Amino acid sequence: MHNPQLNKHGELQHLLTIDGLPKSIVNHILDTASSFVSVSDREVKKVPLMRGKSVFNLFFENSTRTRTTFEIASKRLSADVINLNIAASSTSKGESLLDTIDNLAAMHADMFVVRHATSGAPFLIAKHLNDTKQHHVHVVNAGDGRHAHPTQGLLDMYTIRHYKKDFTNLTVAIVGDVLHSRVARSDIHALTTLGVPEVRVIGPRTLLPGGLEQMGVRVFTDMNEGLKGVDVIIMLRLQNERMSGALLPSAQEYFKSYGLTPERLALAHPDAIVMHPGPMNRGVEIDSAVADGPQAVILSQVTFGIAVRMAVMSIVAGNSGSDA
Amino acid sequence: MHNPQLNKHGELQHLLTIDGLPKSIVNHILDTASSFVSVSDREVKKVPLMRGKSVFNLFFENSTRTRTTFEIASKRLSADVINLNIAASSTSKGESLLDTIDNLAAMHADMFVVRHATSGAPFLIAKHLNDTKQHHVHVVNAGDGRHAHPTQGLLDMYTIRHYKKDFTNLTVAIVGDVLHSRVARSDIHALTTLGVPEVRVIGPRTLLPGGLEQMGVRVFTDMNEGLKGVDVIIMLRLQNERMSGALLPSAQEYFKSYGLTPERLALAHPDAIVMHPGPMNRGVEIDSAVADGPQAVILSQVTFGIAVRMAVMSIVAGNSGSDA
Amino acid sequence: MHNPQLNKHGELQHLLTIDGLPKSIVNHILDTASSFVSVSDREVKKVPLMRGKSVFNLFFENSTRTRTTFEIASKRLSADVINLNIAASSTSKGESLLDTIDNLAAMHADMFVVRHATSGAPFLIAKHLNDTKQHHVHVVNAGDGRHAHPTQGLLDMYTIRHYKKDFTNLTVAIVGDVLHSRVARSDIHALTTLGVPEVRVIGPRTLLPGGLEQMGVRVFTDMNEGLKGVDVIIMLRLQNERMSGALLPSAQEYFKSYGLTPERLALAHPDAIVMHPGPMNRGVEIDSAVADGPQAVILSQVTFGIAVRMAVMSIVAGNSGSDA
């Protein structure tokens, strides 16, 4: 499927994935976010960039945390926000996804922030809006199945840039359940785009997808090996449902092999930063001493995440659709 | 019960039903809505008409779609919106409906948008507010039981006026489950008020209520007969729970007899428009070729619905209560 | 635990409990609320005191009524409000309470309005924010376990002051299930602080906690005795789950002994006012003739409650944290 996130001038009209996004656009998002970081520190934390615009949070899958960050970002841009938990609504009345989308677009929505358990759903929606020439509506992917979570990837890049300045001399390790992680996929694409020379992935064989080497990634199953000398460690959340069963023996066993402890962290570069998309499982993938320690930048990720989402929303809202 | 929706000057202080509403008020609502249609197209889609007013969406029955349209309309009027899903709240603590209403009115609510499974509930609330001289609070009926759904009726009239200009030379057919439809009742009242010379109702005997002829309506059980030469076709949604059981053999059988196909649509006037209150059951009451075809104005209904709700809300908010 | 609600200048930076709150601060809240009562009567019911501030309603326990009053108060102060029903969110993913708090604080929250089934939860949150020097975030307790409901206590004081002017010559009776009532605890503290010379508690032995006499309270198990000559009657709600079982024979028996009827009300001072925190159980703790009678000020409590919450929120938002 042709990537429908760019309009014919090559501008970002939807944000669906980091895969294939030009470096110049990634940098433009990060630069714009930088200007919004200070907004959140001001007494009045609002800018009028999206005043009178209607943002619909379409959450077909529940995620209070992600919904909240987009709701805050929208309000700080002065947009009107409508939260729709779609699982509980029209689709239960047998209406199709695209009929729901057409209906909301007809209410003069300006933006859909879409979270869906099915990979590709935001693509499908954006493609439909383009095909039916509903160019006034923009789509932002807030996580689709195992596919992508581009704003998480972008806020991770913002965080790395903030602490490390230059991407072109870094070694970055992504640790954990890469197989089921849309965060990992988005991060790998972004790191590659930004010129990181060495991206490593660390995890048990059962939680690593095939094809990683073809993406230019070095694969480690031994965590001590993989952490050696890295500048950035991105820990992934271990989903509760993986903690026992076919893929893993138990949470305790996992922590023994892949939990980030102070001892293991000492193998990385002394200035290495530790990231986590949250919510953390303390004692499963990360030790509390690390999570609360001086190298963790996990709460900074949250703060930067608001600014990055404000940047993405204001940029796509400003770029007209394919035919314009 | 005396109709409590007009104040002693004959102005609309609540909107409860279209039944008995003077033609001049209906036209005033449609004219006002017309001025709001352009607001939704503007860059900043807001007018300050209800700035600082508190609108409470009191949904005793779940309806995400209708709640969303009122929430958008409120925000475009610059009102503050409070969404209350009442089923899950005070009434479960044993508080009576009218105690809940008094409590919310004491918080200086300006408007209650009420959806209730029981016919007459918005009447009861409006009457109570009038009787207890709480004249600062206005009620808008967002659908009560099988009784009325007046804003849907009004947006249907707006849509017909937009496409057909003059009501006084039209033949309008309402097709489907009239028995259980508050939309049908509201539409019949509105069409009659606006001078439509011929209103037809088409459906199986089991889904038609008695007394239609006395309302001045022509009844057809043969859809091909009923559609002949009509200018406007209003399809009704077939509720899932009717699709099998005592009243109907099956959804497939229903479609065979009463589904709107391109062949059947060809029996109507060549310029006939097709309307549907949504959400549609494609392949049950309507064929996709019709739903997505050039004669369908279903998404326009949605767009006009926001403007009509803005009109109703701003009009009733501006008219003081009975004693004023 | 040191009371963390005052900063080192003795100013209110969080509102956690009325217990130990200086009389000057209580009076400052009531005076400030007085200025907001008129705001709710104005055409535009908003003041810009918290414009651009982000208020998070963190309801770990469902309470639509209380949540609504804080949401309205926030919006009338022009704040942005984010409603989080936490039970259904992160904590179900195994994240700890304090991790959730740190995350939301990192989004540049300005205020947490906290409702929790566990006594002390808001204290824990405020202490953690102070300890970790996250001084930009303020906590308002919206009810914790059986412990405290300070804004309810303060709105009760506002109501008494409105109708009785002077606290120092009053006899006040609190009637009902004192054992399980956080409202009763908050009221007793507030009345004592404001110099009420005689506070009485009336109820069956099984619903009265120990230690009341040490709080300076007179205890009555005979309602007729307890009501004699009182100026203010605060009725408590009887929770449904107490109405039958070990603690009480039945709702009917309870009404016979402790229901407030017109006959019993006649034993109080002729100008006595009747209060209730709502929602009322008519026919259980209060007779409808009293609830709707001229001495009831129950709906005024609701109205004053909005102004009191606006006062608390604007005061704590204006006072910087412990180290400032």
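Predicted model only: the values in this text are computed from it and were never measured.

Trainee: Help me understand the pairing of strand S2 (residues 80-85) of chain A in this model?
Mentor: Put simply, side chains in a regular strand alternate between the two faces of the sheet. All names here are of chain A. Note that strand S1 (residues 54-59) and S2 share six bridges and pair parallel. Each residue of the ladder has a partner; that of Val55, found in S2, is Val81. In terms of handedness, the path from S1 via helix H2 (residues 64-76) over to S2 forms a crossover that is right-handed.

Trainee: Would you explain H2(A) in this entry?
Mentor: Working note: α-helix, 3.6 residues per turn, so residues spaced by three or four point in the same direction. Residue and element names in this part refer to chain A. Taking 1.5 Å as the rise per residue, H2 with 13 residues should run 18 Å; its terminal C-alpha atoms sit 18 Å apart, in good agreement. A large share of H2 lies buried, amounting to 13 of its 13 residues. Of the residues trailing H2, Ser78 is marked for its positive phi of about 70 degrees.

Trainee: What is the right way to look at the interface of chain B and chain C in this model?
Mentor: The figure often quoted for interface size is the accessible area lost as the parts come together. Of the residues lining the interface, 24 residues belong to chain B; the matching set on chain C comes to 26 residues. Summing both partners gives a buried area of about 2,200 Å² for chain B against chain C, and 50% of it is carried by carbon and sulfur. Across the pair C:Lys46 and B:Asp80 runs a salt bridge whose closest N-O atoms are separated by 2.7 Å. Of all the secondary-structure elements, those providing two or more residues to the side of chain B that touches chain C are strand S1 (54-59), strand S2 (80-85) and helix H3 (97-106) of chain B. Of the residues in the side of chain B that touches chain C, the class split is nine nonpolar, seven polar and eight charged.

Trainee: Please explain the sheet that holds strand S4 (residues 138-144) of chain A as it appears in this structure.
Mentor: Neighbouring strands of a sheet are bound in pairs by backbone hydrogen bonds; such pairs are parallel or else antiparallel. All names here are of chain A. Taken in spatial order, the four strands make up an open sheet running S2-S1-S3-S4, and their pairing is parallel. Looking at strand neighbours, the two that pair on one side only are S2 and S4, the edges of this open sheet. Along the sheet, successive strands turn relative to each other by an average axial angle of 15 degrees, direction set aside. As judged from the five bridges shared by S1 and strand S3 (residues 111-116), these two strands associate in the parallel manner.

Trainee: What exactly am I supposed to notice about the sheet that holds strand S7 (residues 217-220) of chain B here?
Mentor: All names here are of chain B. Read from one edge of the open sheet, five strands run S7-S6-S5-S8-S9, paired in parallel fashion. Only two strands of the sheet have a single neighbouring strand rather than two, namely S7 and strand S9 (273-275). Neighbour-to-neighbour, the strand axes of the sheet open up by a mean angle of 20 degrees, direction not taken into account. Here strand S8 (residues 232-235) pairs with S9 via three bridges, running parallel. Its bridge partner being in S9, Val232 is matched across the sheet by Ile273.

Criteria and cut-off values
- Residues numbered from 1 in each chain as written.
- Chains lettered and ligands numbered in written order.
- Predicted model: local features only at pLDDT ≥ 70, side-chain atom pairs only at ≥ 80, totals over all residues.
- Heavy atoms only, no water.
- Pairing = 2+ DSSP bridges.
- Helix = DSSP H or I, 4+ residues; strand = E, 2+ residues; numbered from the N terminus.
- Right-handed = clockwise from strand over helix to strand, strands pointing away.
- Expected span 1.5 Å × (residues − 1).
- Buried < 20%, exposed > 50% of the residue type's maximum accessible area, 1.4 Å probe, protein only.
- Contact = heavy atoms within 4.5 Å.
- Buried area = accessible area lost by both parts, 1.4 Å probe.
- Salt bridge = Lys/Arg side-chain N within 4 Å of Asp/Glu carboxyl O.
- Nonpolar A, V, L, I, M, F, W, Y, C, P; charged D, E, K, R; others polar.
- Axes fitted to C-alpha atoms, helices over the stretch in contact; angles between N-to-C directions.

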